[in-house]
Structure formats: C-alpha cells, structure tokens
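Here are the chains, one letter per residue:
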Amino acid sequence: MLRCGQMMLAQALICRHLGRDWNWEKQKEQPKEYQRILQCFLDRKDCCYSIHQMAQMGVGEGKSIGEWFGPNTVAQVLKKLALFDEWNSLAVYVSMDNTVVIEDIKKMCCVLPLSADTAGESPPDSLIASNQSKGTSAYCPAWKPLLLIVPLRLGINQINPVYVDAFKECFKMPQSLGALGGKPNNAYYFIGFLGNELIFLDPHTTQTFVDTEENGTVDDQTFHCLQSPQRMNILNLDPSVALGFFCKEEKDFDNWCSLVQKEILKENLRMFELVQKHPSHWPPFVPPAKPEVTTTGAEFIDSTEQLEEFDLEEDFEILSV
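Residues numbered from 1 in each chain as written. Predicted model: local features only at pLDDT ≥ 70, side-chain atom pairs only at ≥ 80, totals over all residues. Heavy atoms only, no water.

- An unreviewed UniProt entry annotates the protein chain as Cysteine protease originating from Daubentonia madagascariensis.
- In its Catalytic activity (unreviewed entry) section, the UniProt record describing the protein chain reads: "[protein]-C-terminal L-amino acid-glycyl-phosphatidylethanolamide + H2O = [protein]-C-terminal L-amino acid-glycine + a 1,2-diacyl-sn-glycero-3-phosphoethanolamine". (UniProt positions renumbered as here; feature names shortened; annotations may be inferred.)

The structure is reproduced here in structure tokens:
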C-alpha cells in the first residue's frame, strides 16, 4: 500500500509539472522536472516521499514500522509529508466521514500573492463565503494545486454492488488519479476499468535498488510498467478504497464538483457526499500548515553531508505532526 500511495502521488506530480497528456518513452531524454519528481521517491531517508519517510510518518497514525497500511492511512501520511515539500507545493485534502466540503477546499487552495501587505494572510471568510454564494472565484488570485483523496468503505466484507457504477464513473473524470485498494492481503493501484473488470498496477515485484547517478539522473526503468497491467473483477475488490483526483487549477475543481453532482450524487445510495458549507457539528476547519518543530528527519536536511552526524539506522526519527 505504501508503493500504491507513491504511484498515485507520482501521477499527481506528473500532471502538476508535465501535464496529463505527457507520456514516458523508453531511452528518451526526459525533462528536468521528471528527473526531480523521481528523486522525491528514491529509497533513501533524505527523499521526501521515500518508503522510509512514509513508514516513519505512519507511526503518528498508529501504525508501527512494518505494520500494514490501509488506503486511509496512506492518504493521511501523504497529507502530512506534503507539508514539508515546498517544490511541488501541493494542497492535500483528505475527506472525512465520506464528505467533501467545497468551502474547506477553497479556503485551503486559494492563496494570496506574496507581498509586503498580504504575506502570511488568508482570504477573509466573509469574502470567501460571499464569492461562493455568487458562484464566482473572483477572490482566488492564486490556486494551490489540489490532490484530493476520498477514503471510502463500500461495504462490510465485500463491495456492495450498488456502488459499482458510481465507482467506475470516477475513472472517467478528467481529474481522476485512479484508486488505492486491492483484495485481502494484496494492495493494488487501480487506473481504469474494462466492462466489470478493474485495470490495476501490482507493486508486488522485487526491484533492484537505484540511486541518483553521477550526472544527476535516475535509471528509471523500474519506475514504469515492464509488464502489461492486470485485471480483476470489480466484485472481488476489498470494500476499503481511496479515490484520488488532481485539480491543477480552480476551474478543474469546479468542473469536478459539477461531474460529481451529475454522476455520483444522482444515486439513491450515494458513494460519498459533496457539500458547500462546513458541517456545523464538525470541529472548525484549519488549513494544514508546516509545523514549527525541530526534527532529526531528513526532510529538513539540505545535503547528505549533514546526515553524517546521525546514525541513520538507529537515531533517524520524524516527530509526529
């Protein structure tokens, strides 16, 4: 599941920097942004989204090192790690109680341009509410790219067939990043469907360790499909899943909301809810911010030379966020 979370996030970063239509070609020189994305996922403790960082951050979610993660845990871990990732600058929203709140996402993604007068400020709630009621985005001068993750439970022990059509509909949306899920004891990254079969990538393959080469590039062969994707009947899906969506601009999110209202909310038994206002019985929404903590975690370290002061196998630690 850790690897599946990496795959979904990597796809979001590809859309963020290279565009959704970009395709990888073997043996072809790749853009520098692509190489930088790869370096975020290397199996080293000083890489932001390495398996080491994800496993360690999972401790704060109640998962010991080596304990299996579910889709929701991976989503929460990515949300926390993204706070330390200034280059990609993603806003990661993980829905709660099967509910996506438009007001909260707009508050998190609408950022003011940095200036002497506005640095550190956030848009006044009254103006946000006013613009939302008018259906306009006039007060959103800059939009922080959004990774939207919707953890769901689509049944008790197996997926309820009433959710199948809505689940497949999500893959058709242009903002889709697929879904995290699997079947008992196997995690998969689902990227599409054919009829009643889901198309998935399987991370259960041992690969040779790779690192940055002398010229700064990464041997990327094992980062891509060396075999054809596999398929499984959708009714064999474990009911615990997490849908992923990427909205680079505000208009992408507005379009996603329209598609959800048209295709998902039309069902009698809805897969999830989309609401305009923050529910009154929920705690107040506070956009996540990078915590002001000291840490021995490598995400704060600029060069590998600084790592020499730590015993990497014994003393490496990220404080819970």
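## A closer look at the pattern of salt bridges
Working step 1: Tallied over the full model, the rule gives 13 salt bridges.
Working step 2: When the shortest N-O distance is used, the salt bridge between R3 and D43 registers 3.1 Å. In this pair, R3 sits in helix α1 (residues 2-17) while D43 sits in the loop between α2 (32-39) and α3 (51-58), placing the two residues 40 residues apart along the sequence.
Working step 3: According to the relative accessible area criterion, R3 is partly exposed, its value standing at 30%.
Working step 4: Here D43 falls in the partly exposed class, since its relative accessible area comes to 26%.
Working step 5: Salt-bridge contacts for E249 lead to K251; the nearest nitrogen and oxygen are separated by 3.6 Å.
Working step 6: One continuous salt-bridge network, built from bridges that share partners, spans R44, D46 and D211. (Salt bridge = Lys/Arg side-chain N within 4 Å of Asp/Glu carboxyl O. Helix = DSSP H or I, 4+ residues; strand = E, 2+ residues; numbered from the N terminus. Buried < 20%, exposed > 50% of the residue type's maximum accessible area, 1.4 Å probe, protein only.)

## Some points on α3
Working step 1: Burial analysis of α3 places 6 of its 8 residues in the buried class, the great majority of the element.
Working step 2: Residues Q53, M54, A55, Q56, M57 and G58 constitute the buried set of α3.
Working step 3: Check the buried side of α3 and you find it contacts α1 and α4 (71-81). (Contact = heavy atoms within 4.5 Å.)

## Here's the deal with the sheet that holds strand β10 (residues 240-247)
Working step 1: Read across the sheet, 7 strands follow the order β1-β5-β10-β6-β7-β8-β9 without closing on themselves; strand pairing throughout is mixed. Lying at the two open borders of the sheet, with one neighbouring strand each, are β1 (91-94) and β9 (230-233). The average undirected angle you get between the axes of adjacent strands in this sheet is 30 degrees.
Working step 2: Across the face of the sheet, α1 comes into contact with β5 (146-153), β6 (176-183), β7 (186-194), β8 (197-201) and β10 while running at roughly 175 degrees to β6.
Working step 3: Relative to β7, helix α7 (residues 164-172) is tilted by about 75 degrees, and along the sheet it contacts β6, β7, β8 and β10. (Pairing = 2+ DSSP bridges. Axes fitted to C-alpha atoms, helices over the stretch in contact; angles between N-to-C directions.)

## Remarks on the environment of P239
Working step 1: Residue placement: P239 occurs in the loop between β9 and β10.
Working step 2: Take P239: its relative accessible area is 1%, and that puts it in the buried class.
Working step 3: Separated by 87 residues in the primary sequence, P239 and L152 have C-alpha atoms spaced 7.8 Å apart.

## Description of the environment of N233
Working step 1: Note that N233 resides in strand β9.
Working step 2: C-alpha separation for the pair N233 and E197, spaced 36 residues apart in sequence, amounts to 4.4 Å.
Working step 3: When neighbours within four sequence positions are excluded, N233 is seen to be in contact with N196 and E197.
Working step 4: A distance of 2.8 Å separates a polar atom in the side chain of N233 from the backbone nitrogen of L235. (Polar contact = N/O pair within 3.5 Å; in protein donor to acceptor, adjacent residues only side chain to side chain.)

## Remarks on the pairing of β1
Working step 1: Residues A91 and Y93 point to one face of β1 and V92 and V94 to the other, with burial holding for every one of them.
Working step 2: Strand direction decides the pairing type here: β1 and β5, joined by 4 bridges, are parallel. Counted as the bridge partner of V92 is L147 from β5.

## Side note on α1
Working step 1: For α1, built from 16 residues, the straight-helix expectation of 22 Å at 1.5 Å per residue is met to within 8% by its first-to-last C-alpha distance of 23 Å.
Working step 2: Along α1, the residues classified as buried are L2, C4, G5, Q6, M8, L9, A12, L13, I14, C15 and R16.
Working step 3: Looking one or two places after α1, you find G19, whose phi comes out positive at around 95 degrees. (Expected span 1.5 Å × (residues − 1).)

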